[in-house]
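Remarks on the overall topology
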Amino acid sequence: MHAMPQALNFGKSVSGAGWGMFARFLKYKLEDQAKILATVGKWYPSSSECGAVKKELGLSERTYICECCGSVMDRDAMQPSA
């Protein structure tokens, strides 16, 4: 299945169409439950719970402590640590 788009030289369009269809189905199902689908761009700066953004965050920095609210974020964890 993965090799087909590459072999036919339209990989990005097939993958993009598949992702778009998934997003439409997900949005439809969520709206059916009175919920919304929030989409965020790949480079959206989601550094802190309070909305503060650290402009420079190097890859070697695995933990981020917000100067504004003091929240501690572990880059390798799924959720912010308390």
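Summary of the structure given here. Throughout, residues of each chain are indexed from 1 in the direction in which the sequence is written. Local features are withheld for residues below a pLDDT of 70 in this predicted model, meaning they are given only at 70 or higher, and side-chain atom pairs are given and counted only at 80 or more; totals for whole chains, interfaces and linings count all residues. To obtain the side-chain values, all non-hydrogen atoms of the structure were included, while hydrogens and water were left out.

**Considerations on the overall build of the protein**
Just so we agree on the cut-off: Secondary structure is summarised from DSSP: a helix means a run of H or I of at least four residues, a strand means a run of E of at least two, and numbering begins at the N terminus for each. Buried, partly exposed and exposed residues are distinguished by accessible area as a fraction of the type maximum, computed with a 1.4 Å probe on protein chains only: under 20%, between the cut-offs, and over 50%, respectively. Only heavy atoms matter for contacts: two residues are in contact if any of them lie within 4.5 Å across the pair. Only the protein chains shown count as cover for residues, with accessible areas throughout obtained via the Shrake-Rupley method and a probe of 1.4 Å.
When helices and strands are counted, the protein shows 2 helices and 2 strands. Starting at the N terminus, the α and β elements of the protein follow one another as α-α-β-β. Residues counted as buried form 11% of the 82 residues belonging to the protein. The contacts in the protein between residues at least 6 apart in sequence include a share of 8% that link residues at least 24 apart. About 7400 Å² of surface is accessible on the protein, with carbon and sulfur atoms providing 60% of the total.

**Focus: the pattern of salt bridges**
Where we set the bar: For this analysis, a salt bridge means a side-chain nitrogen from Lys or Arg found within 4 Å of a carboxyl oxygen belonging to Asp or Glu.
Inspection of the entire model under this criterion finds 1 salt bridge. Residue E31 pairs with K27 through a salt bridge whose shortest N-O separation is 4.0 Å. Residue E31 and its partner K27 are both found in helix α2 (residues 11-32); the two are separated by 4 residues, about one turn of the helix. Given a relative accessible area of 43%, K27 falls into the partly exposed group.

**Examining the packing of aromatic side chains**
Here the distance between the centres and the angle between the planes together describe a pair of aromatic rings. For clarity, the cut-off: Aromatic pairing here means that ring centres of Phe, Tyr or Trp (its six-membered ring) are within 6.5 Å. Orientation follows from the plane angle: under 30 degrees is stacked, over 60 is edge-to-face, and everything else is tilted.
For the structure shown, the criterion picks out 1 aromatic pair. With a centroid separation of 5.3 Å and an interplanar angle of 40°, the aromatic rings of W19 and F22 are classed as tilted. Taken together, the residues W19 and F22, both in helix α2 and 3 residues apart, mark about one turn of the helix. W19 gets classed as exposed once you look at its relative accessible area, which sits at 60%. Its relative accessible area of 44% is what places F22 among the partly exposed residues.

**A closer look at unusual backbone geometry**
The phi dihedral of A34 is positive, around 60°, even though this residue is not glycine. Relative to the assigned elements, A34 resides in the loop between α2 and β1 (63-65).

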